[in-house]
Structure formats: C-alpha cells, structure tokens
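# Fold and geometry: a report
Here are the chains, one letter per residue:
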Amino acid sequence: MSKKIFTNRQTGKTYDRDKGVKHLNNKKRHKLGTKKNPAIICVQTDERKKEINAIFQENNWAAIITVSPDRSEDISALKILLNPIKTKVNEHNLGRNEPCYCGSKKKFKKCCGK
C-alpha cells in the first residue's frame, strides 16, 4: 500500500510515493434534466404545473416544479431542454493553398484565410 505524502488543497491532487499523482476532486457536470441535475422550474398555478409535468414525463426528464403565486414564472430550464444549442459547422474546409471560395482567384491563405 502506498503512503500518502502530500495533498494540495487548491487542486485536490494527492501525491503518492508509488503511483505518482492521483486526482481526487473530479467535479463532473451532469446533463440538465437528469436525476443528478434536475431542471428547477417555478410556476404560478397548479394547472400550469400539470402541463409542464406532462412535457417532462413525455421526454423522460427530471424536474423540480414549485408552485408559488407570488413569484413570476421561470421556465428557462425547460426552454433550454426543448431548444438545445447546436454546434457550428465550418462551411469552408479549404486547404491553405487552394483557390479562395469568394472567387478572387487568389490562394485562400492570402485572401479570406487571414
């Protein structure tokens, strides 16, 4: 069994004599809408709570829905789940020495590649 030599409080790394560096504080973020990271939603009426709960049941998402008539409705987490952010795809995958796509008849690296 290896003996613990030193633990760094800021990074959470433990330095062992036999194994080297071992990371302890790996904080993993979970997806929104799972059991480990449920969506938190606030509505004003029980009818609205039933509507939103039906949406979550259809998509198998986890949520914490609270009803408070005094506060304004907050369904931003539901909007994020319904409209996820899509990654951008680069349209122009040209090499540096190929002709530019803008039609200037220059090399890409001298025209639009700057």
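Placed above this text is the structure.
This section reports on the structure supplied with the text. (Residues numbered from 1 in each chain as written. Predicted model: local features only at pLDDT ≥ 70, side-chain atom pairs only at ≥ 80, totals over all residues. Heavy atoms only, no water.)

One recurring pattern in soluble globular proteins: nonpolar side chains tend to sit buried together. The biggest cluster of nonpolar side chains holds 10 residues, and these are Ala-39, Ile-41, Val-43, Ile-52, Phe-56, Ile-65, Ile-75, Ala-77, Leu-78 and Leu-81. Elements with a contribution of two residues or more to this core: β4 (39-43), α1 (46-59) and α2 (76-82). (Core = buried A, V, L, I, M, F, W, Y, C linked by side-chain atoms within 4.5 Å. Buried < 20%, exposed > 50% of the residue type's maximum accessible area, 1.4 Å probe, protein only. Helix = DSSP H or I, 4+ residues; strand = E, 2+ residues; numbered from the N terminus.)

We now examine the pattern of salt bridges. Going through the model one piece at a time under the given rule, you end up with 2 salt bridges. A salt bridge links Arg-48 to Glu-51; the shortest N-O distance between them is 3.1 Å. On the criterion of helical spacing, the pair formed by Arg-48 and Glu-51 is a turn pair, its members being 3 residues apart in helix α1. Here Arg-48 and Glu-73 are joined by a salt bridge, their closest N and O atoms 3.2 Å apart. With Arg-48 in helix α1 and Glu-73 in the loop between β5 (63-67) and α2, this residue pair connects regions lying 25 residues apart in the sequence. Its relative accessible area of 37% is what places Glu-73 among the partly exposed residues. When salt bridges with common partners are traced through the structure, they connect Arg-48, Glu-51 and Glu-73 into a single cluster. (Salt bridge = Lys/Arg side-chain N within 4 Å of Asp/Glu carboxyl O.)

Summed over all chains, the structure comprises 1 aromatic pair. Ring centres of Phe-56 and Trp-61 lie 5.9 Å apart, and the angle between their planes is 70°; on these two criteria the pair is classed as edge-to-face. A relative accessible area of 1% places Phe-56 in the buried class. You can call Trp-61 partly exposed: its relative accessible area is 23%. (Phe/Tyr/Trp six-rings, centres within 6.5 Å; stacked < 30°, edge-to-face > 60°.)

Here we come to the state of the cysteines. Inspection of every chain in the model, using the stated rule, returns 0 disulfides. Cys-111 carries a free sulfur, and the closest cysteine sulfur to it, the one in Cys-102, is 3.5 Å from it. Looking at Cys-111, the relative accessible area reads 25%, which means it is partly exposed. (Disulfide = S-S within 2.5 Å.)

None of the figures reported here should be taken as evidence of function without further support.
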